[in-house]
Amino acid sequence: MSSSKQLDVKRFLKLTDGRKIRIDSRVVKIGDVFIALKGTRVDGNDFIDDALKRGAIFGVSNRSSDNPAVFFHPDPKKLLIETAAFILKHSKIKHKIAITGSNGKTTTKEILASILSDYGKVFKTPGNLNTEIGIPIAVLENRSQLAECDYAIFEFGTSKKGDISFLTDLINPDIAVLLNVGTAHRGNFNDETELLQEKCSIFETLQKDSTAITNGDDKRIRSMISELSCKKLFFGQRNGDLKIMKFDYSKNNTFVAFKAFGEMKMAKLKGIWNSGQLLDFGAAYLTALSLKIEEPLLNINRIILPFNNRFSVENIAGIILINDCYNSSLESVESAIKSIAKLKKERTFAVVGSILEQGKYSKKTHEELGRLLNFFDHIVLYTKDTQVEAVQNTANIDFKSSNPEEVAEWLKKNCRYGDLVYFKASRGVALEEAILSFRRRLQSGE
Ligand code: ADP
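Worth saying up front: this structure is predicted, and the values here are computed from it rather than measured. (Residues numbered from 1 in each chain as written. Predicted model: local features only at pLDDT ≥ 70, side-chain atom pairs only at ≥ 80, totals over all residues. Heavy atoms only, no water.)

Engineer: Report on the sheet that holds strand S15 (residues 319-324), specifying residues and quantitative values.
Structural biologist: Strand order in the open sheet formed by six strands is S14-S15-S19-S16-S17-S18, with mixed pairing between adjacent strands. Strands at the two margins of the open sheet, each flanked by one partner only, are strand S14 (312-316) and strand S18 (399-401). Here the strands of the sheet are splayed against their neighbours by 15° on average, with no regard to which way each runs. Bridge count for strand S16 (residues 348-352) against strand S19 (residues 420-424) is five bridges, and the pairing is parallel. Residue pairing for S19: Ala 350 is matched across the bridge by Tyr 422. Helix H11 (residues 330-340) rests against S15, S16 and S19 of the sheet, and its axis sits at about 170° to S19. (Pairing = 2+ DSSP bridges. Helix = DSSP H or I, 4+ residues; strand = E, 2+ residues; numbered from the N terminus. Axes fitted to C-alpha atoms, helices over the stretch in contact; angles between N-to-C directions. Contact = heavy atoms within 4.5 Å.)

In structure tokens, the structure reads:
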């Protein structure tokens, strides 16, 4: 191995300028850079040749190679992270805002970015690049945007203890937002206290003049952060500097009444927002106020939640279909039910698949899910993943199948004009297949 092939931060920075960084060889396109990372199941080093064949300009590996397109670094992951830290250190970002929580991170990020875009240049982490690898990649790929932005919004995800702490150290935000601490991914943590501590670690680097923004309805979070010396702001339904008071739907619009620092306000939002999404709206609005934006409401009615499969409501042939299959958790089902109760309909149907990543809590989670589902007139289980079967311990179901066509067929036979059908499962369950098939049948009148 010649020393010229060993990379350091400055050289890596130069070589990656204007290029996409990939860690999965299957998505490599001509001119991309491939970084070989060792995961729990696969070792990226085994895919360097594949990445180069697909057009990668070079690869980074901790294995020596005679191939001139393969650079050596003893720890490619560290190189990636140190390069991101270098970029952040040399960027003149005015405000760095970090957002985490069990539910609503992407929604809050999108709402906040939309509000702030009228007041300055905004960077937001794209898609769901929210991990210890995803965020450094987002930083490297968007370095010129970051160098001159006023507001940089980072979504922090966690799938194991220490993830948030790591990201907090890397980004060093001056505003940190913790939306909620629910049961999503709880199977990856030893107990609920560990999960709570993990999420609250987003506040650990905040200085006196920084701001922590969190859910005022959750006593556990309030007590966990009571000792923090930074400024603290709360949003919620019952307690907070910003309180969501009431909401309703009319003609595909959501009307929400809220109180911010004692002042009553009203917003009209395009489309149907569920109660959790309205809390996300509250968190984003409060964050904008903390940035001294006096009346964020001026722009709010143009915000359209810009993504599919997160409580997307449509009316096909007189039947309301709600696709909420981007993700699932008990709290997001609860929030959806509060909204479904307000939508006009004859009868309600729930088509549900498993809530994944619950580990030892799986049975308990699905029994709790069954209790929540008793709200619906009819329940259908999509059993492609079988954990959802435990719903039957606490709810009577009407039909179950692991075949999306059978589910669609059953719905077509049993639903009629005026009904509402709610689809919910974790992304890994791929419940969309049943929705697509049902929608096709409704549209074609099959
Ligand atoms: P995340 O990025 O944290 O995974 P998303 O914004 O993608 O969250 O939303 C995922 C799901 O959670 C959607 O079904 C959405 O309707 C629901 N949701 C969004 N915000 C909340 C909230 N504050 N409380 C409960 N559920 C929520």
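Engineer: Talk me through the sheet that holds strand S3 (residues 58-61); I want residue IDs and the actual numbers.
Structural biologist: Sheet architecture is open: four strands sit in the order S1-S2-S3-S4, paired in parallel fashion. Of all strands in the sheet, those bounded by a partner on one side alone are strand S1 (21-22) and strand S4 (70-72). Judged from the three bridges that link them, strand S2 (residues 33-35) and S3 form a sheet pairing that is parallel. Looking at S3, one finds that Ile 35 is bridged to Val 60.

Engineer: Describe in detail the pattern of salt bridges, supporting the description with residues and values.
Structural biologist: Overall, the coordinates contain 29 salt bridges when judged by the stated rule. Across the pair Lys 78 and Glu 82 runs a salt bridge whose closest N-O atoms are separated by 3.9 Å. Placement of both Lys 78 and Glu 82 in helix H3 (residues 76-89) is noted, with a separation of four residues, approximately one turn of the helix. The class of Lys 78 is partly exposed, set by a relative accessible area of 45%. The salt bridge involving Lys 265 is made with Glu 263; its shortest N-O contact spans 3.7 Å. Each of Lys 77, Glu 132, Lys 160 and Asp 163 takes part in a single network of salt bridges with overlapping partners. (Salt bridge = Lys/Arg side-chain N within 4 Å of Asp/Glu carboxyl O. Buried < 20%, exposed > 50% of the residue type's maximum accessible area, 1.4 Å probe, protein only.)

Engineer: Before we move on, can you summarise the site of the ligand with the specific residues and values?
Structural biologist: Around the ligand, a shell composed of 20 residues is seen, among which Thr 106, Thr 107, Asp 280, Arg 310 and Asp 324 lie nearest. Within the side chain of Asn 180, one N or O atom sits 3.4 Å away from a nitrogen atom of the ligand. Contact between the ligand and Arg 310: an oxygen atom at 2.5 Å from a side-chain N or O atom of the residue. Contact with the protein chains hides 95% of the accessible area of the ligand, taken as 560 Å² for the molecule alone. Within the residue set of the shell around the ligand, elements represented by two or more residues are helix H4 (105-116), helix H10 (275-290) and H11. Looking at the shell around the ligand residue by residue, the class counts come to one nonpolar, 12 polar and seven charged. (Near = heavy atom within 4 Å. Polar contact = N/O pair within 3.5 Å; in protein donor to acceptor, adjacent residues only side chain to side chain. Areas by Shrake-Rupley, 256 points an atom, 1.4 Å probe, with all protein chains shown as cover. Nonpolar A, V, L, I, M, F, W, Y, C, P; charged D, E, K, R; others polar.)

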